[in-house]
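Topology and contacts: notes
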Amino acid sequence: MSTGPLPHETPRLRLRRLAASDLRRFQAYRGDAELGRYQGWQAQDDAAALAFLQATAAASFCSAGEWFQLAIAERASDALIGDIGLHLHADTGVAEIGFTLARDAQGRGLALEAVQAAIALLWAHTPAQRVLGITDQRNQPSVRLLQRAGLRPYAMLDTVFRGQACVEQFFVLHRRAAPAPLLRAAADADALAVAQVLIESRRVLMPFAPSAHTDDDVRDWVRRVLIPGGGVTLAQQGERVVGVLAVSTVAGVGWIDQLYVLPTEVARGIGRCLLAHAMASLPRPLQLYTFQANHHARAFYERQGFVAVAFGDGSGNEEHCPAVLYRLDAPAAAPGPALRSPAGHGTRVAGCSTWPRPRSRPRWRAVWRWRRRHRPAPQPPRIWRPRQRQRQRSRPRRCRRRRRA
């Protein structure tokens, strides 16, 4: 791994290492309580901040398992205006990013320029395959910045930050775009791969509802019950199973029983492909259950037209986690075009079983009778008389009164 990608310049900024000379400006924006409201760091005294700057200046670029701070400086003056934190997770191919920008430097697009440059450094000098961004949902400027930088949301989890309950929103950006997944029916040989998707997805994306069964029990259930029962569709990329869909039909109602995507492949459109397959193959109404705390899944289903129709307290599921029932009804039939009747009388709406009653007489006769009945009363004849020319009076002259000298 290269240790010398810095400094890195952009049209307006310079990404470089932090230095001891940055102490005054570093403490100025790190001491802003409003700026650090949603940040993981806390204000330090000058001695602790100086030790932090010196340690960061000597650290190697993005060592696995360690945070590395990049200085954001103006290119013209090299003055410090913020910093970016990069954390390369050990043995996972994931890099996490965080950013802080002084308040007087905000509103000019500098943060977006710095984040995009930092991501480019990660692609060029680290083995990271994904970049993660985590922010408080209340921090809307950071949410918008991550979205403008190309990161896509994939999870929202309830948590407690500094003693306050909040919702953390997770974003991800993949190094390479993936092709559309191949959808196929599951076979007995896919049992281990299917179970792995279910186990990893529950563990990473739904920590609020831990599984009531061990991993071995899940593998055995998939092998003996889920796949032999039919209705299981797999999303495959290359040789890997990256998504699982299990559906059923009960009393004319379609049900989505399982819909999981491998955590390393989220935000690639795999879940949307699986859901579209279920919507095209199952009858209406279509129903499914999900946990109330699974905010991202609920927003995903609601975007596809599902409506929450019932809420439970969790007493009916093994995890004892409150759930919500979603329902998708059949779309209302759109009115067809107006069609002319064969005889040319009136109109007929497509799908209507009766024709309008044809008129007994041509229309012009009815119009003629109406005009005769409503014609105005006769007026006496006018006598022509020559028009007499009136005598026009000349206007009286207006004399100005002379002023006396």
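What you are looking at is a predicted structure, and each value in this text was computed from that prediction instead of being measured.

Turning to helix α4 (residues 140–148), a few remarks are in order. Think of an α-helix as turning once every 3.6 residues; residues three or four places apart then point the same way. When we look at burial in α4, the residues that qualify are S142, V143, L145 and L146. Angular distribution of buried residues about the axis of α4 spans 165°; they occupy a single face of the element. Opposite its buried face, α4 presents the exposed residues P141 and R148, each directed more than 90 degrees away. The positive-phi residue at the C-terminal boundary of α4 is G150, with phi of around 100°.

Let us now look at the environment of L112. The topology assignment puts L112 in helix α3 (residues 110–125). The sequence separation of L112 and F99 amounts to 13 residues, and the corresponding C-alpha distance is 10.0 Å. When neighbours within four sequence positions are excluded, L112 is seen to be in contact with L145, R148 and A149.

Within this structure, the stated rule accounts for 19 salt bridges. As a salt-bridge pair, R202 and E319 come within 3.1 Å of each other at their nearest N and O atoms. Placement of R202 in helix α5 (residues 191–205) and of E319 in the loop between β14 (307–311) and β15 (323–328) is noted, with a sequence separation of 117 residues between them. For E319, a relative accessible area of 22% translates into the label partly exposed. When the shortest N-O distance is used, the salt bridge between R223 and D220 registers 2.5 Å. Separated by three residues within a single helix, R223 and D220 lie in helix α6 (residues 215–226), roughly one turn from each other. Classification of D220 as partly exposed rests on a relative accessible area of 25%.

Burial analysis of strand β8 (residues 164–174) places eight of its eleven residues in the buried class, which makes it a mostly covered element. Of the pairings in the sheet, the one linking strand β6 (residues 130–136) to β8 comprises seven bridges and is antiparallel in character. Pairing of D136 across the sheet is with E168, part of β8. Relative to β8, strand β7 (residues 152–161) runs antiparallel, the two being bridged by nine bridges. Across the sheet, the residue bridging to V160 is A165, located in β8.

A few words now on the sheet that holds strand β11 (residues 240–250). Read from one edge of the open sheet, seven strands run β9-β10-β11-β12-β13-β15-β14, paired in mixed fashion. Each edge of the sheet is formed by a strand with only one pairing partner; in this case those strands are β9 (182–185) and β14. With direction set aside, neighbouring strand axes in the sheet form an average angle of 30°. Across four bridges, the pairing between β14 and β15 is antiparallel. Within β15, the position partnered with V307 by the bridge is R327.

As a further point, take the packing of aromatic side chains. For any pair of aromatic rings, geometry is given as the distance between the ring centres together with the angle between the planes. If you walk through the whole model with that rule in mind, you get nine aromatic pairs. A centroid spacing of 5.8 Å and a plane angle of 70° characterise the contact between F26 and Y29, whose relative ring orientation is edge-to-face. In this pair, F26 and Y29 both sit in helix α1 (residues 23–30), three residues apart, roughly one turn of the helix. When sorted by exposure, F26 lands in the same class as Y29, which is buried. Relative to F306, the ring of Y301 lies with its centre 5.8 Å away and its plane at 65°, an arrangement referred to as edge-to-face. Considered together, Y301 and F306 belong to a single accessibility category, that of buried residues. Taken together, the aromatic side chains of F300, Y301, F306 and Y326 make up a single cluster linked through ring pairs. Stacked on the ring of W41, the Lys or Arg R30 has its end atom at 4.5 Å from the ring centre.

Empty space within the second largest pocket amounts to approximately 670 Å³. In this structure, the second largest pocket is lined by 28 residues; those nearest its centre are Y38, Q39, G40, W41 and G98. Listed by contribution, the elements that provide at least two residues to the lining of the second largest pocket are α1, β3 (67–74), β4 (80–88), β5 (94–101), β6, α4 and β8. Considering every element that reaches the lining of the second largest pocket, the biggest residue donor is β5, with five residues. Counted by class, the lining of the second largest pocket contains eleven nonpolar, twelve polar and five charged residues.

Before going further, it helps to examine unusual backbone geometry. Residue P7 is reached from L6 by a cis peptide bond, and omega for that bond is 0°. For P7, the position within the fold is in the segment before β1 (8–9). Residue P285 follows R284 across a cis peptide bond; omega there is 0°. Looking at the element boundaries, P285 is found in the loop between α7 (270–281) and β13 (286–291). In this model, C62 sits at a positive phi of 50°, which is unusual for a non-glycine residue. The phi dihedral of D78 falls on the positive side, at around 60°, and the residue is not glycine. Its place among the elements puts D78 in the loop between β3 and β4. On the basis of relative accessibility, which here comes to 32%, the residue D78 falls in the partly exposed class.

The rules we used
- Residues numbered from 1 in each chain as written.
- Predicted model: local features only at pLDDT ≥ 70, side-chain atom pairs only at ≥ 80, totals over all residues.
- Heavy atoms only, no water.
- Buried < 20%, exposed > 50% of the residue type's maximum accessible area, 1.4 Å probe, protein only.
- Helix = DSSP H or I, 4+ residues; strand = E, 2+ residues; numbered from the N terminus.
- Arc of directions from axis to C-beta.
- Contact = heavy atoms within 4.5 Å.
- Salt bridge = Lys/Arg side-chain N within 4 Å of Asp/Glu carboxyl O.
- Pairing = 2+ DSSP bridges.
- Axes fitted to C-alpha atoms, helices over the stretch in contact; angles between N-to-C directions.
- Phe/Tyr/Trp six-rings, centres within 6.5 Å; stacked < 30°, edge-to-face > 60°.
- Lys NZ or Arg CZ within 6 Å of the ring centre and 35° of its normal.
- 1 Å grid on protein atoms, 1.4 Å probe; cavity = no way out; pocket = protein on both sides within 12 Å on 5 of 7 lines; lining within 4 Å.
- Points joined across faces, edges and corners; volume = space filled by probe spheres on them.
- Nonpolar A, V, L, I, M, F, W, Y, C, P; charged D, E, K, R; others polar.

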